[in-house]
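# Close look at the chain arrangement
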Amino acid sequence: MLFIVSVVCGLSFAMAVSSNPDTHSNLGQVVFSHILFRHGDRMPLEFYPTDPYQDASNWPNKIAQLTDVGRVQEFELGRWLRLRYNDLVSDRYDPDEIFIQSSDVDRTLMSAQCAMAGLYHPTMRESWHPALTWQSVPVHTVPVQADYLLGASSTYPCPAFKAELERASKLPEVQALQEKFADLYDYVSNHTGREVRDFPNALKVYDELALEEQHNIPLPNWARSIYPEPIKEAGLYSFVLPTWTPLLQRLKIGSLLKEMAEHFRAKSAGTLSPNRRLWVYSAHDATISAFLNTFKAFEIHFPPYASCVLLELRLIDQDYFVTLFYRNSTVSEPLLLTMKSCSAVCPLEQFLTLIQPLLPEDWHQECQLSTSVSIRNLWPAMVGSAAVISYIIICILTVRCLRRKSSKNYFTMPSSVSHDSKDSLV
């Protein structure tokens, strides 16, 4: 079930992050675009047990909430989207032109509304109240426990993903990285009161320290030797491990890719209804990294607040192509990325062929632990059981052979009993 929310956002702000400008001017006409962006600046998601700054009085907002800086970042993103897609969407919101979906989290819902406030800044004609220069735009969402598009394997449980992630975590190359940070994990665990033994927990500690520094809160003395490095490096691997294998990619981001592929097919065939031009997703840094890493287009880093991925359908000489752009700044033009096994301007049919192995036929069914996976997990026990059974069979056969030998030495077969008889003792 989809829900719709609305809030008001405004102001004007820009935050600079280095990026190369989009200098490609001969890429054809954009006819449709998927827009996937991260929420804006936020408060800490949680606190480690020994953190002396857990009290709400130390922070300007409640835990995990969007800040004023974050609101402005998203508003500026919306203004930039207006410049890029002004020819695709009207000045006034039209549900037949655009669809906006967000994960069911306060900071992403608010970010979506702020971005839409920037995209749809009302003219005199669209103004409906003299004291409010704002157009209401619906943002759709589903409960986090049911969101397999933007919350696959994160908020929506997927047993098969969990099993594959555990298997990937035991791969030699991953284990080597974990061992590299073993001393760091011990040190951080001792000082935070939290068990830190993997990349995700290292990321949690790094994130909190980074936000304290950002808000001019003095860092504890123990953190000086590990912040920003090496705990930052350890945390970075959290952005690539969830898509380390093709199966993880299929279960983590495959449903979102499948929806995008369906949009592209329908749009190119002239059957998309309503015939929309933009499809917008407000999500998280992990969504950005998983999406880009699936295309082997992710240089490991922390996706900035309000960073944005554009998967566009373009028309060049009556042929359709797909381009992938990444905007890691609220002031710079996006980078044109090259997808794996294709050119930067990828023919639509080639793009659809490339992603086909990553598209689940039935995500919910594939998330269940398959019989093959169950057998693989039970294999050691099965081998052990087979050995025991084999031993028992050998013992039985041995006893029977001994009995036969004994019968040959001490008994004679009655002449009246045929060897073909059903009552044969042999």
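Turning next to the confidence of the model for the protein. Per-residue confidence for the protein averages 85 on the pLDDT scale, and 81% of its residues sit at or above 70. Counting contacts from residues 1–23, a segment whose pLDDT is below 50, to residues more than four positions away or on other chains yields 70 contacts. pLDDT under 50 marks residues 371–426. Its contacts with residues more than four places away, or in other chains, come to six contacts.

Inspection of every chain in the model, using the stated rule, returns two disulfides. The disulfide that involves C158 links it to C367, with 2.0 Å between the sulfurs. When the S-S torsion is -100 degrees, as for the bridge of C158 with C367, the disulfide is left-handed. You can see C158 sitting in the loop between strand 4 (139–141) and helix 3 (159–169) and its partner C367 sitting in the loop between helix 12 (363–366) and helix 13 (371–410), a full 209 residues away along the chain. You'll find C158 and C367 in the same group, each marked buried. Covalent S-S linkage joins C342 and C346, the inter-sulfur distance amounting to 2.0 Å. The sign of the 100 degrees torsion about the S-S bond sets the C342-C346 disulfide as right-handed.

Another point: the pattern of salt bridges. Evaluation of the coordinates by the stated rule reveals 14 salt bridges. The residue R38 makes a salt bridge to D285 at a minimum N-O spacing of 3.4 Å. Placement of the pair is R38 in strand 2 (residues 29–38) and D285 in helix 10 (residues 285–294), with a sequence separation of 247 residues. Comparing R38 with D285 shows no difference in burial state: the two are buried.

Further remarks concern unusual backbone geometry. Cis geometry is adopted by the peptide bond preceding P228, which originates at Y227 and carries an omega value of 5 degrees. Here P228 shows up in the loop between helix 6 (199–214) and helix 7 (231–236). With a phi angle near 60 degrees, N216 is a residue other than glycine that sits in the positive phi range. Tracing the backbone shows N216 in the loop between helix 6 and helix 7. The class of N216 is exposed, set by a relative accessible area of 70%. Although it is not a glycine, Q318 sits at a positive phi angle of roughly 70 degrees. Structurally, Q318 can be placed in the loop between strand 6 (308–316) and strand 7 (319–327). According to the relative accessible area criterion, Q318 is exposed, its value standing at 66%.

A separate point is the packing of aromatic side chains. Applying the stated criterion across every chain, the model contains 19 aromatic pairs. Relative to W363, the ring of Y156 lies with its centre 5.0 Å away and its plane at 80 degrees, an arrangement referred to as edge-to-face. Residue Y156 is located in the loop between strand 4 and helix 3, and its partner W363 is located in helix 12; the two are separated by 207 residues in the primary sequence. Note on accessibility: Y156 and W363 belong to one class, buried. By way of ring pairs, the aromatic residues F32, F264, F291, F295 and F351 are connected into one cluster. Residue placement shows R84 over the ring face of F325; its charged tip is 4.7 Å from the ring centre.

All chains considered together, the criterion is met by two cavities of 30 Å³ or more. When its volume is computed, the largest cavity comes out at roughly 50 Å³. Here the residues of the lining of the largest cavity sort into five nonpolar, no polar and one charged.

Glancing now at the packing of helix 1 (residues 68–85) against helix 2 (residues 106–119). Contact geometry of helix 1 with helix 2 gives a least axis separation of 6 Å together with a crossing angle of 40 degrees. Judged by the inter-axis angle, helix 1 sits oblique to helix 2. Relative to helix 2, the crossing made by helix 1 is right-handed. Contact with helix 1, carried on its side by R71, E74, F75, G78, R79, L81 and R82, involves M110, S111, C114, A115, A117, G118 and L119 of helix 2 and no other residues of that element. Of the residues belonging to the contact of helix 1 with helix 2, the class tally is seven nonpolar, three polar and four charged.

With that settled, the discussion passes to the nonpolar core. I231, F291, F295, L324 and F351 are the most contacted members of the largest nonpolar core, which has 77 residues in total. Top element by residues in this core is helix 6. It accounts for seven residues. If near-sequence neighbours (up to four positions away) are discounted, F295 is found in contact with L257, L324, T338, M339, K340, F351 and I355.

Of all the ten residues making up helix 10, nine are buried; the element is thus mostly covered by neighbouring parts of the structure. Three or more residues of helix 10 are buried, namely D285, T287, I288, S289, A290, F291, L292, N293 and T294.

Now for helix 1. Residues separated by three or four positions in an α-helix point in the same direction, a consequence of the helix having 3.6 residues per turn. Look at helix 1: 26 Å from first C-alpha to last across 18 residues, which is about the 26 Å you get at 1.5 Å a residue. Contacts from the buried residues of helix 1 go to strand 2, helix 2, strand 5 (278–283), strand 6 and strand 7.

Between helix 9 (residues 254–269) and helix 11 (residues 348–355), the least distance of the axes is 11 Å, while the angle of their chain directions is 155 degrees. The angle between helix 9 and helix 11 falls in the class roughly antiparallel. In this structure, helix 9 crosses over helix 11, and the sense of that crossing is left-handed. Mapping the contact onto sequence places L257, A261, F264, R265 and S268 in helix 9 and L348, F351, L352 and I355 in helix 11. Of the residues assigned to the contact of helix 9 with helix 11, the class counts are seven nonpolar, one polar and one charged.

Rules of the game
Residues numbered from 1 in each chain as written. Predicted model: local features only at pLDDT ≥ 70, side-chain atom pairs only at ≥ 80, totals over all residues. Heavy atoms only, no water. pLDDT = per-residue confidence, 0-100. Contact = heavy atoms within 4.5 Å. Disulfide = S-S within 2.5 Å. Helix = DSSP H or I, 4+ residues; strand = E, 2+ residues; numbered from the N terminus. Buried < 20%, exposed > 50% of the residue type's maximum accessible area, 1.4 Å probe, protein only. Salt bridge = Lys/Arg side-chain N within 4 Å of Asp/Glu carboxyl O. Phe/Tyr/Trp six-rings, centres within 6.5 Å; stacked < 30°, edge-to-face > 60°. Lys NZ or Arg CZ within 6 Å of the ring centre and 35° of its normal. 1 Å grid on protein atoms, 1.4 Å probe; cavity = no way out; pocket = protein on both sides within 12 Å on 5 of 7 lines; lining within 4 Å. Points joined across faces, edges and corners; volume = space filled by probe spheres on them. Nonpolar A, V, L, I, M, F, W, Y, C, P; charged D, E, K, R; others polar. Axes fitted to C-alpha atoms, helices over the stretch in contact; angles between N-to-C directions. Parallel < 35°, antiparallel > 145°, perpendicular 65-115°, else oblique. Left-handed = near helix turned anticlockwise from the far one by under 90°. Core = buried A, V, L, I, M, F, W, Y, C linked by side-chain atoms within 4.5 Å. Expected span 1.5 Å × (residues − 1).

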